[in-house]
Amino acid sequence: MTRCPKKVLVTGAGGFIGSRLVRQLLASPAFAGAQFILNDVKLEEFSHPRVRCVVGDLASSELLDAIADVDTVYHLAGILGGAAEANYALSRRVNLDSTMTLLERLRDLPSVPRVVFASSIAVFGPPLPAAIRDQTIPHPTMVYGAQKRMIEIAVEQFSLRSWIDGIAIRLPGIVARRDADERMKTAFLHSVFFAIEAGRDFVLPVAPDGTTWLISVQACVNAFEHAGLLDQEALAQTRIFTLPAQFVRIHELVSAIQAEFPASTSKISYDPDPALVAQFTSNPPLTTEGADALGFVHDGNLATLVRRALDAE
């Protein structure tokens, strides 16, 4: 039997994934009648009778007071990738300190809330082993991945003590963000979609035979909704899952995008940056037995992934 959320908090609700998740949950029969609290440092005006917006820091008194009776939390807020690497003080405050403040507030609620935490495959740092499985020990090398790993452990420990009912889902590459921030070290994985669409030449900073793990933002949003609805008994002791993703070679991704725009005059070339190759396109085969058993799925095939990525408006 799946859960029936009644009051839901979404942090990072103004972001690429969060904004789409909010729209999907509001339309989902499983969340019919649920009230929503949306939090981010910046939120567009959101007029909906079931929505309350709280703009500001995760640890603000207004937000902490507002969540006194939430039963479901989607925690997506964070300082990502290269931005976390470039500003340790900010990333620590948001990714660690404010997140722990939020978790400790949730721990004190009268009923145990489901907490879905957006972790990342960045917990696996290079050099990667020959394959990644559920049993693979994380070894983050970036600040971002290390901070995600720390909160994974907190989610697991809080859940073992029944302070929260937590799930940490490790996100692979999520495509495609039209306005990808160039500070994101993976911006090229987004920009190539729209360069081909617009007929612009584009230089990829990785090799054509490089490999990565990808899902569309729609598959990602589906995974978050699913995680929020899973029955507690299905989770047992395991609280950390790597999401299923497609194992994609860069030249195959380029070909699949070009197939969507056969009239495009875009020319794709390659100028590999060794650091980016090592960090983002040297991924081994991935198996996700635990997530598969719980019903998490990727896009199915590369053509579907590309179409969904291009439709992510």
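Residues numbered from 1 in each chain as written. Predicted model: local features only at pLDDT ≥ 70, side-chain atom pairs only at ≥ 80, totals over all residues. Heavy atoms only, no water.

1. Topic: the packing of aromatic side chains
In plain terms, the rule: Pairing of aromatic side chains here covers Phe, Tyr and the six-membered ring of Trp, requires ring centres within 6.5 Å, and sorts the geometry by plane angle: under 30 degrees stacked, over 60 edge-to-face, intermediate tilted. Burial classes: relative accessible area under 20% of the type maximum marks a residue as buried, over 50% as exposed, and values in between as partly exposed (1.4 Å probe, protein chains only). The criterion is that NZ of a Lys, or CZ of an Arg, lies within 6 Å of the ring centre and within 35 degrees of the ring normal, and then a charge sits over that ring.
A complete count under the given rule lists four aromatic pairs for this structure. Ring plane angle 85° and centroid distance 5.0 Å describe the contact between Phe158 and Trp163, whose orientation is recorded as edge-to-face. Taking relative accessible area as the criterion, Trp163 reaches 32% and is therefore assigned partly exposed. Taking 6.4 Å as the distance between ring centres and 45° as the angle between the ring planes, the aromatic pair formed by Phe193 and Phe194 counts as tilted. Residue class for Phe194 comes out buried when judged on its relative accessible area of 5%. Over the ring of Trp163 we find Arg107, and its NZ or CZ is 5.2 Å from the ring centre. One residue, Arg161, lies across the ring of Trp163, its end atom 5.9 Å from the ring centre.

2. Things to note about unusual backbone geometry
The general pattern is negative phi for most residues beyond glycine and trans for most peptide bonds. Keep this limit in mind: Labels follow the DSSP assignment, with helices taken as runs of H or I lasting at least four residues and strands as runs of E lasting at least two, numbered in each case from the N terminus.
Following Pro126, the chain continues into Pro127 via a peptide bond in cis, with omega recorded as 0°. Topologically, Pro127 is positioned in the loop between β5 (114-120) and α5 (143-160). A cis amide bond links Val175 to the next residue, Ala176, at an omega of 5°. By secondary structure assignment, the location of Ala176 is in the loop between β7 (173-175) and α6 (187-198). Look at Ser162: it is not a glycine, yet its phi comes out positive at around 60°. Within the secondary structure, Ser162 sits in the loop between α5 and β6 (165-171).

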